[in-house]
Amino acid sequence: MDLTHEALPEAVRRGLQRMQMDGVHFAPVRHHSPACALALQAMVRELRPEAILIEGPDSFDALLPLLHDARTRPPVAILSQAAGDGDGATRSAFFPFCDYSPEWVALQLARETGADAAFIDLPWQVSARTGHAASHEQADTARAHSLMAERYLAHSAWVAALARACGCRDQDELWDHLFELRTPAALRDWRRLFGDVFAYCAMARAGYEPEVLEAEGSLARERHMAAHIRRHQAALTGAGRAGTVVVVCGGFHAIALQQLLAGDDCTAAHQAAPQPAAGLPARDWLVRYGFERLDALNGYEAGMPSPAWHQW
């Protein structure tokens, strides 16, 4: 199925033309997708970017030496903890990596190519303080959740309709059918694959109102990420290193980041991102993890089914 067909809405077709804009190349991914990881390898080795910016709380930058250490071997995760406003309860979240997680591959490629690596999302401490954490949590409030939740793809009416049209039972089977089962050469055709991922996720996003995305924190996160991208572009230019920047982000956010960077007249562009409270401590730790906790069949919101099999 051709996800870049002319029948796509104008905003999505415009986004496909913006996959590269002012030196910024977008790599929209599904978290823990081997297909996206292979495409990202091909992309970075071809482009040799000056910087690789990764969707993930920017407080994680303090852990980059550990993440780059050759002795750190996935599956691992970053555990973040913070106290929410009002109730003082500790809220916890994990950001997991396995060998084929695009975010992990991005970190290793930065080390391999000498590119700057940085995380660009809101710190978990800010999300917990502003109350956005509450909309992400499971019914069991004592359970830590994932900072990589992909509930929008799972609940998209457009994705569900596409799955039915393709004879697939759910979004995981549809994703395998459209992306993971491509030939090795097609998986490394990163322009085509990331274009298709962009269109797939942008169409899924089209079913959600801006008010919903604002209330649960997506727009605040996207404003924060766009500001980081601009700062990195300016820093590279100021240092005489104006070159390519690769942005590795969940496909759901790619079209909004493009609109913010382009200055489009959209709701997200006219509101300020929340900032960390003065003295708010960053509480992030690198911890061991396991495949059973990464398995979508065990309830992991951003997981692929059978992660050990996917790694193999």
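Before reading further, recall that the structure is shown in the block above.
Reading the values: rules and limits
- Residues numbered from 1 in each chain as written.
- Predicted model: local features only at pLDDT ≥ 70, side-chain atom pairs only at ≥ 80, totals over all residues.
- Heavy atoms only, no water.
- Helix = DSSP H or I, 4+ residues; strand = E, 2+ residues; numbered from the N terminus.
- Buried < 20%, exposed > 50% of the residue type's maximum accessible area, 1.4 Å probe, protein only.
- Contact = heavy atoms within 4.5 Å.
- Areas by Shrake-Rupley, 256 points an atom, 1.4 Å probe, with all protein chains shown as cover.
- Pairing = 2+ DSSP bridges.
- Axes fitted to C-alpha atoms, helices over the stretch in contact; angles between N-to-C directions.
- Core = buried A, V, L, I, M, F, W, Y, C linked by side-chain atoms within 4.5 Å.
- Salt bridge = Lys/Arg side-chain N within 4 Å of Asp/Glu carboxyl O.

K.L.:
Just checking my understanding: could you explain the overall build of the chain for this structure?
P.N.:
Of regular secondary structure, the chain possesses 14 helices and 9 strands. When the 312 residues of the chain are sorted by exposure, 56% land in the buried category. If you take every contact in the chain between residues at least 6 apart in sequence, the share linking residues at least 24 apart comes to 77%. If you sum the accessible surface of the chain, you get close to 13600 Å²; carbon and sulfur atoms cover 51% of it.

K.L.:
What should I look at first to understand the sheet that holds strand β2 (residues 24-29) in this one?
P.N.:
Within a sheet, each strand pairs with its neighbour through backbone hydrogen bonds, oriented either parallel or antiparallel. One open sheet accounts for 5 strands, arranged β1-β2-β8-β3-β6; its pairing is mixed. In this open sheet, the two edge strands, each paired with only one partner strand, are β1 (20-21) and β6 (116-121). Pairing between strand β3 (residues 51-57) and β6: 5 bridges, direction parallel. For A51, the partnering residue across the bridge sits in β6 and is D116. Each of β2, β3, β6 and β8 (245-250) is contacted by helix α12 (residues 218-238), which is oriented at about 150 degrees to β6, the strand it contacts most.

K.L.:
For this particular structure, what's the right way to read the environment of P123?
P.N.:
Turning to its location among the elements, P123 is positioned in the loop between β6 and α5 (124-130). P123 sits in the buried class, given a relative accessible area of 7%. C-alpha separation for the pair P123 and F60, spaced 63 residues apart in sequence, amounts to 8.1 Å.

K.L.:
How should I be thinking about the nonpolar core in this particular structure?
P.N.:
When a protein is soluble and globular, its nonpolar side chains tend to lie buried together. In terms of nonpolar packing, the biggest core is built from 75 residues, with L40 and F194 touching the most fellow members. Ranked by residues supplied to this core, first place goes to helix α10 (residues 190-205) with 11 residues. With residues up to four places along the chain from it excluded, the contact list for L40 reads A27, P102, V105, A106, L109, F194, V246 and V248. Counting 8 residues, the second-largest nonpolar core is a separate cluster that includes F94, Y100, Y289 and L294.

K.L.:
What's the story with the pattern of salt bridges in this structure? I'm lost.
P.N.:
Per the stated rule, a full pass over the model turns up 15 salt bridges. One salt bridge in this structure joins R14 and E10, with 3.7 Å as the shortest N-O distance. Here R14 and its partner E10 are both found in helix α1 (residues 10-17), 4 residues apart, which amounts to about one turn of the helix. Relative accessible area serves as the criterion here: at 32%, R14 is assigned to the partly exposed category.

K.L.:
Looking at this structure, how should I read the pairing of β2?
P.N.:
Consecutive side chains of a regular strand alternate in pointing toward one face of the sheet and then the other. Most of β2 is tucked away, with 6 of its 6 residues classed as buried. Burial along β2 is two-sided: the residues V24, F26 and P28 and H25, A27 and V29 are all buried. Sheet analysis places β1 next to β2, joined by 2 bridges and oriented antiparallel. By the bridge assignment for β2, M21 is matched with V24. In this structure, the hairpin formed by β1 and β2 is closed by a connection of 2 residues, where D22 is found at a positive phi of approximately 55 degrees. Bridge analysis of β2 against β8 gives 6 bridges, and the strand direction is parallel.

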